[in-house]
Amino acid sequence: MSRISECFKNLQADGQTALIPYVTAGDPEPWVTVPLMHALVEAGADIIELGVPFSDPMSDGPVIQKACERALKNDVTLDSILDMVKQFREKNSHTPVVLMGYSNPLEAMGYQKFAEKAQVVGVDGVLTVDMPPEESGEFKQLMDSHDIDTIFLVAPTTSAQRMKKIAEYAKGFIYYVSIKGVTGAAALEINEVTAKLEEIRRYTSLPVGVGFGIRDGRSAAAVAQVADAVVVGSTLVRCIEEHANRPQELPAAVASLLAEMRHAINARDLASVSA
Ligand SMILES: O=P(O)(O)OC[C@@H](O)[C@@H](O)c1c[nH]c2ccccc12
């Protein structure tokens, strides 16, 4: 069983929801990423979504776009990111790491080489925003044969027919993008999300995570009531931006934001158990 499936299985057994922070690798400086990942785990992260910075991140809003720019200015490459995962694994063998980004950097390395390296350093999943499952053939096969889960996005506009296709191709979990638009946009609408998750679950028994528009403990706790995982990106990345010129303080500051969300989710979980 993959590290991701194992993680969800354990959480579900305890009636808990996964908390998945997104951070861009190498932002604001390469050395920060590994200590930040450890701090996030300590603050309650169950899975880490590590962004591979890209020069043209078309699904990302200004906050994550700027994070990509900061990281790229430091010459962060896919190779150096794989090295960060390797370093992270020296002290953490249980927290799944999902590489999240656009297909271009993976293509540039070559899918075969990427699959081999990613498996060796301990990457558990990949989410390539601009690669729809129908076009993922060779890539997906390589990920499968190297035990790396392929995670795909479902959007509010995704048709039932495409949901079926995505459910066929997805491994690990399915990522439901709660709102149309880019990362860091408006707040999500919980009733709409609830209805959509019901629909997605008709097609898959995989866990379903929700991201986009989760900004605080309240929205995290609300989503946790209906989703298997809560993904938080821009709120954390904004905190990284604010600490860009005092990076020593950054891991603790970002971790404390995440810890607030963890507490809010747990409080709700407990309330619903006793209700
Ligand atoms: O930033 P938000 O609104 O909290 O949403 C999570 C999101 O940042 C993260 O999962 C992500 C970063 N880049 C993406 C591109 C597409 C889909 C998702 C993402």
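The protein appears in an unreviewed UniProt entry as Tryptophan synthase alpha chain from Methylophaga muralis. Turning to the protein, the UniProt record has this under Pathway (unreviewed entry): "Amino-acid biosynthesis; L-tryptophan biosynthesis; L-tryptophan from chorismate: step 5/5."

Asker: Before we move on, could you go through the site of the ligand and cite the residues and values that matter?
Answerer: Within the structure, the ligand sits among 20 residues, and Ser-59, Thr-183, Gly-211, Gly-233 and Ser-234 are positioned closest to it. When contributions to the shell around the ligand are tallied by element, the ones reaching two or more residues are β2 (48-51), β9 (229-232) and α11 (234-242). Counted by class, the shell around the ligand contains 9 nonpolar, 9 polar and 2 charged residues.

Asker: Quick rundown of the confidence of the model for the protein? Include the residues and the values.
Answerer: In this model, the protein carries a mean pLDDT of 95, and residues with pLDDT of at least 70 account for 97%. Interface confidence in the predicted complex, given as ipTM, is 0.98; pTM for the same model is 0.97.

Asker: Account for the packing of helix α6 (residues 111-121) against helix α7 (residues 137-145), with residues named and values stated.
Answerer: Axis separation between α6 and α7 bottoms out at 9 Å; the angle between their running directions is 25°. Taken together, the axes of α6 and α7 lie roughly parallel to each other. In terms of crossing hand, the pair formed by α6 and α7 is right-handed. Across the interface between the two elements, Tyr-111, Gln-112 and Ala-115 from α6 touch Glu-138, Phe-139, Leu-142 and Met-143 from α7. Broken down by class, the residue content of the contact of α6 with α7 amounts to 5 nonpolar, 1 polar and 1 charged.

Asker: Which residues make up α7, and what values go with them?
Answerer: Within α7, burial applies to Phe-139, Lys-140, Leu-142 and Met-143. The buried side chains of α7 occupy one side of the element, clustering within an arc of 165° when seen end-on. Residues of α7 that are exposed and point over 90 degrees away from its buried face: Gly-137, Glu-138 and Ser-145. Buried residues along α7 sit against α6, β4 (125-128), β5 (149-150) and α8 (160-169).

Asker: Help me get a handle on the nonpolar core, residues and values and all.
Answerer: The biggest cluster of nonpolar side chains holds 87 residues, and the ones touching the most others in it are Leu-40, Ile-174 and Val-230. Here Ile-174 is in contact with Phe-152, Val-154, Ile-166, Ile-200, Thr-204, Leu-206 and Val-208, once residues within four sequence places are set aside.

Reading guide: rules and limits
- Residues numbered from 1 in each chain as written.
- Predicted model: local features only at pLDDT ≥ 70, side-chain atom pairs only at ≥ 80, totals over all residues.
- UniProt positions renumbered as here; feature names shortened; annotations may be inferred.
- Near = placed C-beta within 6 Å.
- Helix = DSSP H or I, 4+ residues; strand = E, 2+ residues; numbered from the N terminus.
- Nonpolar A, V, L, I, M, F, W, Y, C, P; charged D, E, K, R; others polar.
- pLDDT = per-residue confidence, 0-100.
- Axes fitted to C-alpha atoms, helices over the stretch in contact; angles between N-to-C directions.
- Parallel < 35°, antiparallel > 145°, perpendicular 65-115°, else oblique.
- Left-handed = near helix turned anticlockwise from the far one by under 90°.
- Contact = placed C-beta atoms within 7 Å.
- Buried ≥ 20, exposed ≤ 12 C-beta atoms within 10 Å, placed from the backbone.
- Arc of directions from axis to C-beta.
- Core = buried A, V, L, I, M, F, W, Y, C linked by C-beta atoms within 7 Å.

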